[in-house]
Amino acid sequence: MSNPVSAAIGTQRQFAIQPKSVYQQNLKQLSVGNGISFQTDHDAALLSKSLGILGGAVYDESIAADKREREQFTALEAEKLIAGKTPEDLAKFDRIQALQHSDKGYDLTDNPYAMATLDQSIGQVAAASAKERWASENPGTPKSINEAIQSYDGMLQETYGSFKESVRNGVAFDKGFYDGYQRDVLQVAHEAHQRINNEARAKGQRTCNVKLQGLVAGADTMDTEAFVQSFGEITRELQGYVKNSDEALKIIQGNLEVLAENGTSTEKLNAIKNTPYYGSDRKIGDELSFFKYYKKVSENVNYKVADDVYEACRNADGTVNWEKVEERLKALPATALSRGIPQVDLPRYSGDLDNLKPEFKAVLPSIGGLLSQLGYGDIAEYTSGYRDPERNAAAGGSPTSHHLNRDAVDIYIGSLSEEEQAEVEATFDPYFSEVLYHEVDNGGLHLHLGGYRGGLDDRADDTEVTASAYSPDRLDKIRSRLRAKDADAKRVAKERSEAVYNNTVQAVTQAETQEEALRLLDNSGIPLAKQNALRRSINAKFKAINQGNLSVEDQFYLKYEKGKLWTDMATLKEYERQMENEDTEIDDKFQDKANAAARRMNDYWKHCIPGYGKSESKKSETTESPVNNSADALMDEIKTKAVPQMIAKGMTRSEIEERLMKIAPRYGLNAATLLDSLELPNDIE
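Computed from a prediction, not measured in an experiment: that's the story for all the values here. (Residues numbered from 1 in each chain as written. Predicted model: local features only at pLDDT ≥ 70, side-chain atom pairs only at ≥ 80, totals over all residues. Heavy atoms only, no water.)

### Focus: the overall build of the protein
Now for step 1: The secondary structure content of the protein amounts to 31 helices and four strands.
Now for step 2: The proportion of buried residues among the 685 residues of the protein is 38%.
Now for step 3: Summarising the internal contacts of the protein: among those between residues at least 6 apart in sequence, 68% fall at separations of at least 24.
Now for step 4: For the protein, the exposed area adds up to about 39,000 Å²; of that, 49% sits on carbon and sulfur atoms. (Helix = DSSP H or I, 4+ residues; strand = E, 2+ residues; numbered from the N terminus. Buried < 20%, exposed > 50% of the residue type's maximum accessible area, 1.4 Å probe, protein only. Contact = heavy atoms within 4.5 Å. Areas by Shrake-Rupley, 256 points an atom, 1.4 Å probe, with all protein chains shown as cover.)

Put into structure tokens, the structure is as follows:
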């Protein structure tokens, strides 16, 4: 009787010569290859085991072949093929062509694992691109977490649909596409939750800040108790909208700065210092240094006192009556002129401050106050205090260091110039036997204060409403502000006087008659001395005009005062304005223009103050004999040769006229006739 197995499939010899691929194709483990199913693999495995004769060997060989196919194309190689491609590129990606021309050097299209791995990698890229697109297209805050997840799912399905037609192995693509779905959904939900919370916090912070701003704006209309109560309620509400105390502190600081900026009293600031902040055991004054707020209030008081004194002691023209000022300053209350030391607790970066001598430890706030007055309050911090012998040796300290005696501190205050070092040392020398600004090993530059002598117990009274301790030179600053007001008033008065004088000069020189000129002068209101000088000039000018006794110079300056004089005056006024502005650099061309204007005006005043009609053409002063040419020929030569040469040299109209007025008499020419006959171009002004 034949063997049922042999009858079914043949003999052992037949097995030995058959191609092994016939059996191996259905002996693979469960995979994503096309046409492979779990049932097929399971049946093949049962068959191979039932053969018994070569089942083990055939099965092992199928596993090895399967491994070889898997290793022919890995996920890394798939990533290389699709690297740099956009989702739009991958949706049209030709997988067959890519596998035919892979880096392996042979065709991989018959390898089911290659196609599956490639599709799985493309699925992963597609899912990642959907997530990136969702994040970029939805930067705002969603209404809810569900809305964010639904939005993400919609974009994911849209992306999936764009790849549907190009997928070769749907199972593999789905595996890559949905492999991180649960993780991505959780991340989207977390991101939405953060955005919603951040928006709620930001909205709450804005609301509290607006409330504080409104409270501060109306601080002057509220009594201190009501103000501080409202301030505390808002700050406690603020705690529910911040991640940490620093966020709340930033909002509180901004409003305290505005309160100090507008304030002339420390009363409300003092009350706020004791307001609970971020928990009942923490006070705002414990977290913030109020030095800069008190400093600002003290400056505001200085300005207010100076303004009040000025209004009480000003003269009619706005200048200051200094005798009255000193009387008012002497009447200021003593509390407004306190010289106590402000108390500022500097932060501790390192160092043992708790075990300092009690008398030294007690004056640490005074040390902080002095440094704050010098401008180092924002950066100063303690770096060392008491040291035991071991720590002192490690720090490179002297065996006789004051640190060992609990009588020294080191303070970082930044890098100082020689002048700044001298100022710091001069400030602390009266109170310490050792004041050093030096560099130590592993410690950098710092201020060393050792051997406390005493004298820092005169602490400022923070309850003093004018913050006088924060402005120890209050009287000097008040006087300085008053001097500035006095100088401004004098400058304005001078400018007003000069403007009136210039307008008067312009009016009287333009007058057609002597009577009109004198009437304008009498009504001008300029100083009497200047009136008399102008009156003599007016009388002399019209007398010379009436008698026909005008010299060449008289004619020239009469023409000058009708036109060029006012241009020169405007030039000098602009020059003076630029000179007063230290940021303005006057160029050489304008400097030359101003110099020429000043020279012409000086010559004009020298001529007109003695009076018209007193200067004559002095032909006798010429030492040269007239050139043996006719007057007409000379004038023609001057107009056709000399004048063009002067224009070419860059001389202005006024300079040319001055030059011709001086040289004409030397050649026996009438200067007035010569000037009248010239036609100078307008662009040489």
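### Notes on the pattern of salt bridges
Now for step 1: Tallied over the full model, the rule gives 30 salt bridges.
Now for step 2: The salt bridge involving K485 is made with D307; its shortest N-O contact spans 3.5 Å. Here the residue K485 occupies a position in helix 23 (residues 474-510), and D307 occupies one in helix 17 (residues 291-313), the gap between them amounting to 178 residues.
Now for step 3: What makes K485 partly exposed here is its relative accessible area of 23%.
Now for step 4: As a salt-bridge pair, D486 and K490 come within 3.4 Å of each other at their nearest N and O atoms. Placement of the pair is D486 and K490 together in helix 23, with a separation of four residues, close to one helical turn. (Salt bridge = Lys/Arg side-chain N within 4 Å of Asp/Glu carboxyl O.)

### Let's talk about the packing of helix 10 (residues 145-163) against helix 12 (residues 181-217)
Now for step 1: Running from N to C, helix 10 and helix 12 cross one another at 140°; their axes reach a closest spacing of 9 Å. By the angle class used here, helix 10 and helix 12 are oblique. As helix 10 packs across helix 12, the resulting crossing turns out to be right-handed. For the pair helix 10 and helix 12, the contacting residues are I145, A148, I149, Y152, D153 and L156 in the first and Y181, D184, V185, V188, A189, A192, H193 and I196 in the second.
Now for step 2: Grouping the constituent residues of the contact of helix 10 with helix 12 by class yields 11 nonpolar, one polar and two charged. (Axes fitted to C-alpha atoms, helices over the stretch in contact; angles between N-to-C directions. Parallel < 35°, antiparallel > 145°, perpendicular 65-115°, else oblique. Left-handed = near helix turned anticlockwise from the far one by under 90°. Nonpolar A, V, L, I, M, F, W, Y, C, P; charged D, E, K, R; others polar.)

### Section: unusual backbone geometry
Now for step 1: You will see that R406, though not glycine, has its phi angle at about 60°, which is positive.
Now for step 2: Phi is positive for A467, which is not a glycine, with a value near 55°.
Now for step 3: Position of A467 among the secondary structure elements: in the loop between strand 4 (444-452) and helix 23.
Now for step 4: On the basis of relative accessibility, which here comes to 3%, the residue A467 falls in the buried class.

### Points about the packing of aromatic side chains
Now for step 1: Applying the stated criterion across every chain, the model contains 18 aromatic pairs.
Now for step 2: Between Y160 and F177 the ring centres are 5.3 Å apart and the planes differ by 65°, which places this aromatic pair in the edge-to-face class. One end of the pair, Y160, is in helix 10; the other, F177, is in helix 11 (residues 170-178), and 17 residues separate them in sequence.
Now for step 3: Each ring, one from F360 and one from F432, has its centre 5.7 Å from the other, and the planes form 50°; the classification is tilted. Residue F360 is located in helix 19 (residues 358-362), and its partner F432 is located in strand 3 (residues 432-440); the two are separated by 72 residues in the primary sequence.
Now for step 4: Here K268 stacks its cationic end above the ring of F227, 6.0 Å away from the centre of that ring. (Phe/Tyr/Trp six-rings, centres within 6.5 Å; stacked < 30°, edge-to-face > 60°. Lys NZ or Arg CZ within 6 Å of the ring centre and 35° of its normal.)

### Here's the deal with the packing of helix 12 against helix 14 (residues 245-262)
Now for step 1: The geometry of helix 12 relative to helix 14 is characterised by a closest axis approach of 10 Å and an angle of 20° between their N-to-C directions. Judged by the inter-axis angle, helix 12 sits roughly parallel to helix 14. The chirality of how helix 12 crosses helix 14 is right-handed. Facing helix 12, whose interface residues are Q205, N209, L212, Q213 and V216, helix 14 presents E247, I251, N255, V258 and L259.
Now for step 2: Looking at the contact of helix 12 with helix 14 residue by residue, the classes come out as five nonpolar, four polar and one charged.

### Concerning the pairing of strand 4
Now for step 1: The buried fraction of strand 4 amounts to seven of the nine residues, a majority that puts the element mostly inside the structure.
Now for step 2: Note: strand 2 (residues 408-412) against strand 4, four bridges, orientation antiparallel. When the sheet's bridge partners are listed, V409 is paired in strand 4 with L449. (Pairing = 2+ DSSP bridges.)

### A few points about the nonpolar core
Now for step 1: Of all hydrophobic cores here, the largest spans 71 residues; its most connected members are L256, I367, L371, I411, I413, F428 and F432.
Now for step 2: If one sorts the elements of this core by residue count, helix 17 sits on top with 10 residues.
Now for step 3: When near neighbours in sequence (up to four residues on either side) are disregarded, F432 contacts F360, I367, L449, G450, G451, Y452, R453 and L456.
Now for step 4: Grouped together as the second largest cluster of nonpolar side chains are 35 residues, A511, L534, Y604 and M635 included. (Core = buried A, V, L, I, M, F, W, Y, C linked by side-chain atoms within 4.5 Å.)

### Some remarks on the environment of V125
Now for step 1: Locating V125 in the fold gives a position in helix 9 (residues 112-137).
Now for step 2: A sequence separation of 35 residues divides V125 from L90, and the C-alpha atoms of the two residues are 8.8 Å apart.

### A word on helix 20 (residues 364-374)
Now for step 1: The element helix 20 is largely enclosed, with a buried count of nine among its 11 residues.
Now for step 2: Of all the residues in helix 20, the buried ones are L364, P365, S366, I367, G368, G369, L370, L371 and S372.
Now for step 3: In the segment just after helix 20, G375 is the residue with positive phi, at about 100°.

### Quick word on the environment of E655
Now for step 1: Examined against the element boundaries, E655 turns out to sit in helix 30 (residues 653-663).
Now for step 2: A residue is classified by how much of its surface remains accessible, and E655, at 22% relative accessible area, is partly exposed.
Now for step 3: Sequence-wise, E655 and A596 are 59 residues apart; in three dimensions their C-alpha atoms are separated by 8.3 Å.

### Here's the deal with a negative patch on the surface
Now for step 1: Taken together, E418, E419, E420 and E423 make up a surface patch of like negative charges.
Now for step 2: Residue position: E419 is located in helix 22 (residues 418-428). (Patch = residues over 30% accessible without salt bridge, like charges linked within 9 Å, V, L, I, M, F, W, Y side chains within 5 Å. Lys, Arg positive; Asp, Glu negative; His and termini not counted. Charge placed at Lys NZ, Arg CZ, Asp CG, Glu CD.)

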